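These are the residues of each chain, in order.
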Amino acid sequence: MTLKPGRIPCINPKCRRTAPQEKYEPGTEFICGKCFKLVNPDLKSRYHSLKKRWKQVKRLAAKRGTPDHEPRRLWWQIDVNWSKIKAEFTDPEKPEGLSAFLDEVGM
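Calculation rules
- Residues numbered from 1 in each chain as written.
- Predicted model: local features only at pLDDT ≥ 70, side-chain atom pairs only at ≥ 80, totals over all residues.
- Heavy atoms only, no water.
- Phe/Tyr/Trp six-rings, centres within 6.5 Å; stacked < 30°, edge-to-face > 60°.
- Helix = DSSP H or I, 4+ residues; strand = E, 2+ residues; numbered from the N terminus.
- Buried < 20%, exposed > 50% of the residue type's maximum accessible area, 1.4 Å probe, protein only.
- Lys NZ or Arg CZ within 6 Å of the ring centre and 35° of its normal.
- Axes fitted to C-alpha atoms, helices over the stretch in contact; angles between N-to-C directions.
- Parallel < 35°, antiparallel > 145°, perpendicular 65-115°, else oblique.
- Left-handed = near helix turned anticlockwise from the far one by under 90°.
- Contact = heavy atoms within 4.5 Å.
- Core = buried A, V, L, I, M, F, W, Y, C linked by side-chain atoms within 4.5 Å.

1. A few points about the packing of aromatic side chains
Working definition: an aromatic ring pair is given by the centre-to-centre distance plus the angle between the planes. Scanning the entire structure with this criterion turns up four aromatic pairs. Plain terms: the ring middles of Y47 and W82 are 6.5 Å apart, the flat faces sit at 40 degrees to each other, and that makes the pair tilted. Here Y47, found in helix α2 (residues 41-64), pairs with W82, found in helix α3 (residues 72-90); they are 35 residues apart in sequence, far enough to count as distant. Y47 gets classed as partly exposed once you look at its relative accessible area, which sits at 27%. Overall, the relative accessible area of 17% leaves W82 in the buried class. Here the aromatic cluster, defined as three or more aromatic residues joined through ring pairs, consists of F36, Y47 and W82. Here K44 stacks its cationic end above the ring of F36, 5.9 Å away from the centre of that ring.

This is the structure:
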């Protein structure tokens, strides 16, 4: 897939959707809404709760007038969860093709 300049590809290698690079910080990874719907519900729930907690920390830091402080543990948890989401698309549980079919049939 050739990528247009100024676009970020979805983390799903089979997906052809992209997002504008201007909306995100450099080095940011992106998952489209269609692919996000395919993610394990437990991982999605964890993603939303961590995102909510991250927004609370940012809001409190702004309210107190302190500089942007990134709690390491929370950032680490966000990173681990994102890695698990990416792994769902890059490391499938079952291989595609004939071997997966033979497993389903029981051979």
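2. Section: the packing of α2 against α3
Two elements in contact, α2 and α3, have axes whose closest approach is 10 Å; the angle formed by their N-to-C orientations is 150 degrees. Comparing their axes, α3 and α2 come out roughly antiparallel. The element α2 and its partner α3 pack so that their crossing is left-handed. For the pair formed by α2 and α3, the contact residues are L43, R46, Y47, L50, R53, W54 and V57 on the first element and L74, W75, Q77, I78, N81, W82, K84, I85 and E88 on the second.

3. Some details on the nonpolar core
By size, the foremost hydrophobic cluster in this structure holds 15 residues, and its most contacted members are C10, I31, C35, V39 and I85. Residue contributions to this core peak at three residues, all from α3.

4. Some points on the side chain of N12
Residue position: N12 is located in the loop between β1 (7-9) and β2 (18-20). Judged by its relative accessible area of 10%, N12 is buried. The residues touching N12, leaving out its near neighbours within four places in the chain, are C35 and F89.

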